[in-house]
Amino acid sequence: MGHRMTERDAIVLAAVLGAVVLVMVLIVCRPFTWGSETEVAVTGGAANASGAGVSGQAVAGDNVSGTAVMAGGGEIMNEAGTTLQTRVNPPEGYQRVKEKKGSLGRFLREYKLKKAGAKVKLYNGRNKKNQDAHVAVFKLPLEKEDLQQCADSVIRVYAEYFWKTGQYDKISFQFANGFQAEYMKWREGFRIQVAQRTSWINGGRYDDSYDNFKRYLRMVFAYSSTLSLDRESEKVKVADIKTGDIFIKGGSPGHVVMVVDVCENEEGKKAFLLGQGYTPAQQFQLLKNPAHEDDPWYYADEIRYPLETPEYRFNKGTLKRPGYIKSGS
């Protein structure tokens, strides 16, 4: 004889069936739920990835603008580009500022870059340990000695520019002790004697070769520093920023990065790119902006101090302009 279902049995059966249905719904929906959470986590963390380990302060939240595309909707980074101008496009709504022929701005925009994805090499041919700070590498000459560090790399950019444009009288840099090393005098055959008192001595004949120019730079790299470069520079406002300006902290250790390009929008708001050398001596590189995953431009109206770059922070008042680029460049 069959068992007749009681009211209690019906309630228990309904509860069991309900639990089974709930479990099935969770199984079906769970991949979609987890996928969404993973996507949010990756997207939210990407803006800070390049700056991980630099400091514990949250800077990206103040600076993110979302301008990761150029005017017309294209990508900012163009891997096929072989120069700064063709590799990095201006962001949406911005255009590169006009640079006259022969200017430092034109010189840097037309400077050759290594292939996209290139690693930064040290003076000894080894890879730099941190390969997450840059988006491009300049083909700026690097000597096989641990001399061409941060300030020296910036000095080399200025010197190569003045050399190429025939402005030999501007190739003159201070040593840390205040001595002024003039290339024009070096070219005439004089040499620098570094003792208790640094001085010029008559060392040879006139030589305007590039090899002799490099020998001059080696001497400058050995005795110049962020301290001397800082001393040769004056403060400027971010609103007046131009190619060749530097963010600098003179000291031991100190650091310096260089403005290598500038663009602006119709409202006159500017954005700029930064380049650096570093310690140990290494190739000159185009820096990322830790606040923008795919956009290396630094936006003037977003600047907060300390200014966060991938490997250093600069306090207010560190934006400066060296005296030898004030006019005609």
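The structure this text deals with has already been given above.
The following refers to the structure shown. (Residues numbered from 1 in each chain as written. Predicted model: local features only at pLDDT ≥ 70, side-chain atom pairs only at ≥ 80, totals over all residues. Heavy atoms only, no water.)

## Let's talk about the overall build of the chain
Here is the rule: Numbering of helices and strands runs from the N terminus, with a helix taken as a DSSP run of H or I at least four residues long and a strand as a DSSP run of E at least two residues long. Burial classification: accessible surface area is computed with a 1.4 Å probe over protein chains only, and a residue below 20% of its type maximum counts as buried, one above 50% as exposed, and the rest as partly exposed. Residues are treated as being in contact if the distance between any of their heavy atoms lies within 4.5 Å. Under the convention used here, a 1.4 Å probe and the Shrake-Rupley method define accessible areas, while residue burial counts only the protein chains that appear.
Helix and strand counts for the chain come out as eight helices and 15 strands. A buried classification covers 46% of the 329 residues belonging to the chain. Relative to all contacts within the chain whose residues are 6 or more apart in sequence, the contacts with residues 24 or more apart total 61%. Of the roughly 17500 Å² of accessible surface on the chain, a fraction of 53% belongs to carbon and sulfur atoms.

## What to know about the pairing of strand 9 (residues 255-265)
Each regular strand carries side chains that alternate between the two faces of the sheet. Using the following cut-off: For two strands to be treated as a pair, DSSP must find no fewer than two bridges joining them.
Within strand 9, ten of the eleven residues are buried, leaving the element largely enclosed by the surrounding structure. Here strand 1 (residues 94-96) pairs with strand 9 via three bridges, running antiparallel. Bridging from a neighbouring strand, tyrosine 94 pairs with asparagine 265 of strand 9. One ladder, built from four bridges, connects strand 8 (residues 246-249) with strand 9; its direction is antiparallel. Residue pairing in the sheet places lysine 249 in a bridge with histidine 255 of strand 9. Hairpin connection from strand 8 to strand 9: five residues lie between these consecutive antiparallel strands.

## Some remarks on the nonpolar core
For the record, the criterion: The term nonpolar core refers to a set of buried residues drawn from Ala, Val, Leu, Ile, Met, Phe, Trp, Tyr and Cys, joined through side-chain atoms within 4.5 Å.
Core analysis: the biggest nonpolar cluster contains 51 residues, and Phe138, Tyr158, Phe173, Tyr216, Met258 and Val260 have the highest contact counts within it. Listing elements by their share of this core, those giving two or more residues are helix 4 (104-109), helix 5 (150-164), helix 6 (183-187), helix 7 (210-223), strand 8, strand 9 and strand 10 (270-276). Among the elements that make up this core, the one with the highest residue count is helix 5 (ten residues). In this structure tyrosine 158 touches Leu104, Phe173, Gly244, Ile246, Met258, Pro322, Tyr324 and Ile325, once residues within four positions along its chain are discounted. If you look at the next biggest cluster of nonpolar residues, it comprises 17 residues, including Val238, Ile241, Leu307 and Phe314.

## Looking at the pattern of salt bridges
Counted only if it meets this: By definition here, a salt bridge exists when the distance from a side-chain nitrogen of Lys or Arg to a carboxyl oxygen of Asp or Glu is within 4 Å.
Scanning the entire structure with this criterion turns up 13 salt bridges. A salt bridge links aspartate 261 to arginine 96, with the nearest nitrogen and oxygen atoms 2.5 Å apart. Remark: arginine 96 occurs in strand 1 and aspartate 261 occurs in strand 9; sequence separation between them is 165 residues. Residue arginine 96 is classed as buried on the basis of its relative accessible area of 18%. With a shortest N-O distance of 3.2 Å, arginine 106 and glutamate 110 are connected by a salt bridge. Each of Arg96, Arg109 and Asp261 takes part in a single network of salt bridges with overlapping partners.

## Overview of the packing of helix 5 against helix 7
Which entries qualify depends on this criterion: For every element, the axis is a line fit to its C-alpha atoms; helices are fit only across the contacting stretch, and the angle between N-to-C directions ranges from 0 to 180 degrees. Relative orientations are named as follows: roughly parallel for angles under 35 degrees, roughly antiparallel for angles over 145 degrees, roughly perpendicular for angles from 65 to 115 degrees, and oblique for any other angle. Handedness of a crossing is defined here by the sense of rotation of the near helix relative to the far one, left-handed for an anticlockwise turn of less than a right angle and right-handed for a clockwise turn. Note on residue categories: nonpolar means Ala, Val, Leu, Ile, Met, Phe, Trp, Tyr, Cys or Pro, charged means Asp, Glu, Lys or Arg, and polar means any other residue, Gly included.
Axis separation between helix 5 and helix 7 bottoms out at 11 Å; the angle between their running directions is 150°. Put simply, helix 5 runs roughly antiparallel to helix 7. Remark: the crossing between helix 5 and helix 7 carries right-handed chirality. Facing helix 5, whose interface residues are Asp152, Ile155, Arg156, Ala159, Glu160 and Trp163, helix 7 presents Tyr210, Phe213, Lys214, Leu217, Val220 and Phe221. For the contact of helix 5 with helix 7, a count of residues per class yields eight nonpolar, no polar and four charged.

## Regarding unusual backbone geometry
Across the junction of threonine 279 and proline 280, the peptide omega takes the value -5°, indicating a cis bond. Within the secondary structure layout, proline 280 lies in the loop between strand 10 and strand 11 (285-287). Of note, the amide linkage connecting tyrosine 305 to proline 306 takes the cis form, showing an omega dihedral of 5°. Its place among the elements puts proline 306 in the loop between strand 12 (298-299) and strand 13 (307-309).

## A few points about helix 7
Spelled out, the test is: Here the expected span of a helix is defined as 1.5 Å times the quantity of residues minus one.
Here helix 7 is 14 residues long and its end C-alpha atoms lie 20 Å apart, about the 20 Å a rise of 1.5 Å per residue gives. Within the sequence span of helix 7, burial applies to Asn212, Phe213, Tyr216, Leu217, Val220 and Phe221. Looking at the buried positions of helix 7, the neighbouring elements they touch are helix 5, strand 3 (172-174), strand 4 (180-182), helix 6 and strand 5 (190-193).

## Here's the deal with the packing of aromatic side chains
Selection rule: Note on aromatic pairs: the rings of Phe, Tyr and Trp (six-membered ring only in Trp) are paired at centre separations within 6.5 Å, and the planes decide the class, stacked below 30 degrees, edge-to-face beyond 60, tilted for the rest. For a lysine, the NZ atom is tested; for an arginine, the CZ atom; a charge sits over a ring if that atom is within 6 Å of the ring centre and within 35 degrees of the ring normal.
For the structure shown, the criterion picks out 25 aromatic pairs. Here a set of aromatic residues connected by ring pairs shows up, and it is made of Phe107, Tyr111, Phe138, Tyr158, Tyr161, Phe162, Phe173, Phe284 and Tyr324. Over the ring of tryptophan 186 we find arginine 191, and its NZ or CZ is 4.1 Å from the ring centre.

## Some details on the side chain of serine 233
Residue placement: serine 233 occurs in strand 7 (residues 233-235). Residues contacting serine 233, with those up to four places away along its chain left out, are Ile246, Lys320, Arg321 and Pro322.

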